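Structural overview
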Amino acid sequence: MGPNWHNALEAIGNGVDRDTVIGQIREAYAELPMAFDPVEWSYECETLERLLCGYVWRWDGAGITHLANEQGFRLPLVNPDTGKPSANWEWAGKIDKII
């Protein structure tokens, strides 16, 4: 569910209309994976559709400008005692939305 929700929010943030995004959600759920229960799969699709409708209803016309969607970042992981960055690790992630 998570990747499909993020894809839907990214599309809305990029100006794609609600009905088109609902079509994209339905397309993502068109094929049932072998290990999934068909009823649960359809519930998940319906849940995403309703969440998206609620999101659009709440925020459409709110004057929000989307500056970035799914903005990736990488930062050094700094040892607080030495102040030196790790040679093996870093902080990384994605910011869902910057408005």
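Just above sits the structure.
The following paragraphs examine the structure supplied in this document. (Residues numbered from 1 in each chain as written. Predicted model: local features only at pLDDT ≥ 70, side-chain atom pairs only at ≥ 80, totals over all residues. Heavy atoms only, no water.)

A word on the nonpolar core. In terms of nonpolar packing, the biggest core is built from 15 residues, with Trp5, Ile12, Val21, Ile25, Tyr29 and Leu52 touching the most fellow members. When residues of this core are traced back to their parent elements, those giving at least two are helix 1 (2–13), helix 2 (18–28) and helix 3 (38–59). Broken down by element, this core gets its largest block of residues, six residues, from helix 3. Not counting residues within four places of it along the chain, the set of residues in contact with Leu52 comprises Trp5, Ala8, Ile12, Arg18, Val21, Ile22 and Ile25. (Core = buried A, V, L, I, M, F, W, Y, C linked by side-chain atoms within 4.5 Å. Buried < 20%, exposed > 50% of the residue type's maximum accessible area, 1.4 Å probe, protein only. Helix = DSSP H or I, 4+ residues; strand = E, 2+ residues; numbered from the N terminus. Contact = heavy atoms within 4.5 Å.)

Two numbers describe how helix 2 lies on helix 3: the axes approach to 10 Å, and their chain directions differ by 165 degrees. Here helix 2 lies roughly antiparallel to helix 3, going by the angle between them. Handedness of the crossing formed by helix 2 with helix 3: right-handed. Between helix 2, through Arg18, Val21, Ile22, Ile25, Arg26 and Ala28, and helix 3, the contact on the second element is made entirely by Trp41, Cys45, Leu48, Glu49, Leu52, Cys53 and Val56. (Axes fitted to C-alpha atoms, helices over the stretch in contact; angles between N-to-C directions. Parallel < 35°, antiparallel > 145°, perpendicular 65-115°, else oblique. Left-handed = near helix turned anticlockwise from the far one by under 90°.)

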